[in-house]
Amino acid sequence: MSSAINIKDFNPNDKMTAAAVIAARLITGGLFIFSGFVKAADLWGFIFKIEEYFALVDFTAPRSVSLSLALVLAGFEFVSGVLLVSGAYRRAVVILMLMLMAAFDCLTFYLWIADPIPDCGCFGDAWVLSNGATFFKNVILTGLLIFLLIKNTKIGFALFKPAVQWIPTVLSVFYIVVIGLICYNVQPQIDFRPYPVGRSLTVTHNDDDEIENVMYIYTDGKSQKTFPADSLPGEGWEFVDVADSEASTGHKTDIFSVYDGDEDVSDDIFDDAPRRFLLVIPELKRADISFSFFVNNLYRLCKKNDIQFCALVATSDEGLERWRDLSLAEYDCFTAEDTSLKELARGNMSLVYLEDGIIKWKSTVSSVYDTDIEKLENADGADFALEMAPHPLTIKTMTQWYIGLLAFVAAIQWAILLLVRHRKEGNDKMDEV
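Residues numbered from 1 in each chain as written. Predicted model: local features only at pLDDT ≥ 70, side-chain atom pairs only at ≥ 80, totals over all residues. Heavy atoms only, no water.

**Topic: the nonpolar core**
For soluble globular proteins, the rule of thumb is that nonpolar side chains tend to be buried together.
For step 1, the next point in the chain: Membership of the largest hydrophobic core comes to 51 residues, with the highest contact counts inside it found for Phe 37, Phe 78, Leu 145 and Tyr 175.
For step 2, the next point in the chain: Per-element tally for this core: the top contributor is helix H3 (residues 63-86), with 10 residues.
For step 3, the next point in the chain: Excluding anything up to four places from it in sequence, Phe 78 contacts Phe 32, Ile 33, Gly 36, Phe 37, Ser 172, Tyr 175, Ile 176 and Tyr 402.
For step 4, the next point in the chain: Judged by nonpolar contacts, the second largest core, of 30 residues, contains Phe 277, Leu 279, Cys 302 and Ala 389. (Core = buried A, V, L, I, M, F, W, Y, C linked by side-chain atoms within 4.5 Å. Buried < 20%, exposed > 50% of the residue type's maximum accessible area, 1.4 Å probe, protein only. Helix = DSSP H or I, 4+ residues; strand = E, 2+ residues; numbered from the N terminus. Contact = heavy atoms within 4.5 Å.)

Next comes the structure, spelled out in structure tokens:
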């Protein structure tokens, strides 16, 4: 006899227990799914955060180690969250999640007390929590998991029965690994950073532009809304306060500074060309010199089609000279702060294409370096630059297929179970006759 509670036999206490267990599954599993997904969707960001942790103990690991650890942790969080929500592997999943949370509790308690880094990075750039909030969030999750360790196996209801639990597990692993690798090798397709595709990088330093960037807060007596200076509301709205656009949108109004020696040339870089390629190198020591031939050919093609091209490198003036010598760069090279470059584009070497200061696309050089430059030489300048944009399988498409396959497996499983039950009931009636 199974000790699991049967839904049709629930008494009021059983219903309360079942509701609490299902709620705990949804809350805990949902947070793990979200945490794992946003990490995989911006695997570079998670890698940088892991390397911050390594730096706390003066440990330097190869990038491949950071990548592997980031992918495993993101994948484990996502897959375990899916299994917990669906009720699969009810005991094993909870035990594994508790083991992970025990480590996270110790780590976040240290972060809360010592505050060596601003945030733990548990939700990437999608949701930044203070170290204190992160620790107490983890304590609550640990409490929910302890509750599930005691009660989870007593609730028999699950979306997937034991015979097919391996199928959603394999599908979930495949889905999150592919998402992570696409976003690592190309660019994050869901961009929570300050400079997503479609954002303008045009610098605004003069007084008139600063006035345009000011946002005004108005109220209609029920709620408050923020309006730009050129779109102020009419009657029925009352002025409340002034807020700059960074406060109201969560993004900075000015692009990071770009330097030519000691001179800030940001205005010249982003305001002087209708079309421009940026070669972004946030870590010069990790830049792959083997891509230089492709980059130099791309620069010549840009020059031929009246498209500006320059490199932004996080290094000293001496490092910039070494890069020019090693890469045989004929294009202009400037310096910029590494954190800003990492926010602009992910990867050791990336390309960002702008039109009128607006980001049209960005990608790692490794994902476009095999582009046939000779084939593009006869193309129109604007068309060739837009056609170069990589077109990976999108997260939206993959997610639709993933959810569809899970639903298909669940539907087939439950159809078979209903058919078996129907035949069994028919045979029981025949026996009674």
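**Some details on helix H6 (residues 166-185)**
For step 1, the next point in the chain: Counted at 1.5 Å a residue, the expected span for H6 with its 20 residues is 28 Å, and the 28 Å between its end C-alpha atoms agrees.
For step 2, the next point in the chain: Listed in full, the buried residues belonging to H6 are Pro 168, Thr 169, Ser 172, Tyr 175, Ile 176, Ile 179, Gly 180, Ile 182, Cys 183 and Tyr 184. (Expected span 1.5 Å × (residues − 1).)

**Concerning the packing of helix H2 (residues 43-56) against H3**
For step 1, the next point in the chain: Put simply, H2 and H3 touch, their axes get as near as 9 Å, and they point 115° apart. As judged from the angle between their axes, H2 and H3 are roughly perpendicular. The way H2 lies across H3 gives a crossing that is right-handed. Touching Leu 43, Trp 44, Phe 46, Ile 47, Phe 48, Ile 50, Glu 51 and Phe 54 of H2 are Arg 63, Ser 66, Leu 67, Leu 69, Ala 70, Leu 71, Leu 73 and Ala 74, all from H3.
For step 2, the next point in the chain: Each residue belonging to the contact of H2 with H3 can be placed in one class, and the counts come to 13 nonpolar, one polar and two charged. (Axes fitted to C-alpha atoms, helices over the stretch in contact; angles between N-to-C directions. Parallel < 35°, antiparallel > 145°, perpendicular 65-115°, else oblique. Left-handed = near helix turned anticlockwise from the far one by under 90°. Nonpolar A, V, L, I, M, F, W, Y, C, P; charged D, E, K, R; others polar.)

**Structural notes on the packing of H2 against H6**
When two helices pack together, their arrangement is captured by the angle between the axes and the distance separating the axes.
For step 1, the next point in the chain: Axis separation between H2 and H6 bottoms out at 8 Å; the angle between their running directions is 85°. Taken together, the axis directions place H2 and H6 in an arrangement best described as roughly perpendicular. When H2 is examined against H6, the residues Leu 43, Trp 44 and Ile 47 are found in contact with a partner set consisting of Gly 180, Cys 183 and Tyr 184.
For step 2, the next point in the chain: Partitioned by chemical class, the residues of the contact of H2 with H6 number five nonpolar, one polar and no charged.

**Re the state of the cysteines**
For step 1, the next point in the chain: For the structure shown, the criterion picks out zero disulfides.
For step 2, the next point in the chain: With no disulfide partner, Cys 333 has as its closest neighbouring cysteine sulfur the one in Cys 310, 8.3 Å distant.
For step 3, the next point in the chain: According to the relative accessible area criterion, Cys 333 is buried, its value standing at 2%. (Disulfide = S-S within 2.5 Å.)

**Section: the confidence of the model for the protein chain**
For step 1, the next point in the chain: In the predicted model, the protein chain carries a mean pLDDT of 84, and 80% of its residues have values of at least 70.
For step 2, the next point in the chain: Per-element confidence in the protein chain is highest for H3, whose mean pLDDT is 96, and lowest for helix H8 (residues 245-249), whose mean pLDDT is 42.
For step 3, the next point in the chain: A low-confidence stretch, residues 5-10 (pLDDT under 50), is modelled with nine contacts involving residues beyond four sequence positions or located in other chains.
For step 4, the next point in the chain: Contacts from residues 204-212, a stretch scored under 50 in pLDDT, to residues over four places away or in other chains number eight contacts. (pLDDT = per-residue confidence, 0-100.)

**Considering the layout of surface pockets**
For step 1, the next point in the chain: A volume near 800 Å³ is recorded for the largest pocket.
For step 2, the next point in the chain: In terms of lining, the largest pocket is formed by 31 residues, of which the most central are Gly 45, Phe 48, Lys 49, Glu 52 and Lys 342.
For step 3, the next point in the chain: Within the residue set of the lining of the largest pocket, elements represented by two or more residues are helix H1 (12-41), H2 and helix H12 (338-344).
For step 4, the next point in the chain: Looking at which element gives the most residues to the lining of the largest pocket, the answer is H2, with eight residues.
For step 5, the next point in the chain: In terms of residue class, the lining of the largest pocket is built from 10 nonpolar, five polar and 16 charged. (1 Å grid on protein atoms, 1.4 Å probe; cavity = no way out; pocket = protein on both sides within 12 Å on 5 of 7 lines; lining within 4 Å. Points joined across faces, edges and corners; volume = space filled by probe spheres on them.)

**Brief notes about the packing of aromatic side chains**
For step 1, the next point in the chain: In this structure the tally under the stated criterion is 22 aromatic pairs.
For step 2, the next point in the chain: Members of the aromatic cluster, joined through ring pairs, are Phe 277, Tyr 299, Phe 309, Tyr 331, Tyr 353, Trp 361 and Phe 384.
For step 3, the next point in the chain: Over the aromatic face of Phe 46 sits the side chain of Lys 39, whose NZ or CZ is 5.3 Å from the ring centroid.
For step 4, the next point in the chain: Stacked on the ring of Phe 48, the Lys or Arg Lys 342 has its end atom at 4.3 Å from the ring centre. (Phe/Tyr/Trp six-rings, centres within 6.5 Å; stacked < 30°, edge-to-face > 60°. Lys NZ or Arg CZ within 6 Å of the ring centre and 35° of its normal.)

**Observations regarding the sheet that holds strand E6 (residues 275-281)**
For step 1, the next point in the chain: The seven strands are arranged E5-E4-E8-E7-E6-E9-E10 in an open sheet whose pairing can be described as mixed. The strands lining the two open edges of the sheet, one partner per strand, are strand E5 (263-264) and strand E10 (358-364).
For step 2, the next point in the chain: Pairing geometry for E6 and strand E7 (residues 308-313), over six bridges, is parallel. Looking at E7, one finds that Leu 278 is bridged to Cys 310.
For step 3, the next point in the chain: On top of the sheet, helix H10 (residues 292-304) reaches E6, E7 and strand E9 (350-355); it is set at about 145° to E7, its chief contact. (Pairing = 2+ DSSP bridges.)

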